Amino acid sequence: MELVLSPAGVGRLTRIEPNGIGQAATYRYSELATGKERTVAADGPVTLQTVAA
């Protein structure tokens, strides 16, 4: 499972959306606390964290 850590919250990565040549991709994730779907630019203040059990 991949977690997205951003200033907006923490959530489970649902998909990565490419935005075209020369533009950063967008991470779409479901916030853990609320289940709300959010997006954040991959080149912004964001970290992906792999969690394995």
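Refer to the preceding data block for the structure.
My aim in this report is to walk through the structure given alongside it, one point at a time.

**Regarding the pattern of salt bridges**
According to the stated counting rule, one finds four salt bridges in the structure shown. Where R15 meets E17, a salt bridge forms, and the shortest distance between an N and an O atom there is 2.8 Å. One salt-bridge network, held together by shared partners, links R15, E17, R28 and E37.

**Things to note about the sheet that holds strand β2 (residues 9-17)**
A sheet is described by the order of its strands in space; here five strands give the open sequence β4-β3-β2-β1-β5, paired in antiparallel fashion. Strands with a single pairing partner mark the edges of an open sheet, and in this sheet they are β4 (37-41) and β5 (47-50). Put simply, the sheet's adjacent strands are angled 40 degrees from each other on average, direction ignored. Pairing of strand β1 (residues 2-6) with β2 involves four bridges; the strand directions are antiparallel. In the strand pairing of β2, L3 is matched with R12.

Conventions and cut-offs
Residues numbered from 1 in each chain as written. Predicted model: local features only at pLDDT ≥ 70, side-chain atom pairs only at ≥ 80, totals over all residues. Heavy atoms only, no water. Salt bridge = Lys/Arg side-chain N within 4 Å of Asp/Glu carboxyl O. Pairing = 2+ DSSP bridges. Helix = DSSP H or I, 4+ residues; strand = E, 2+ residues; numbered from the N terminus. Axes fitted to C-alpha atoms, helices over the stretch in contact; angles between N-to-C directions.

Just geometry here; none of it tells us what the structure is for.
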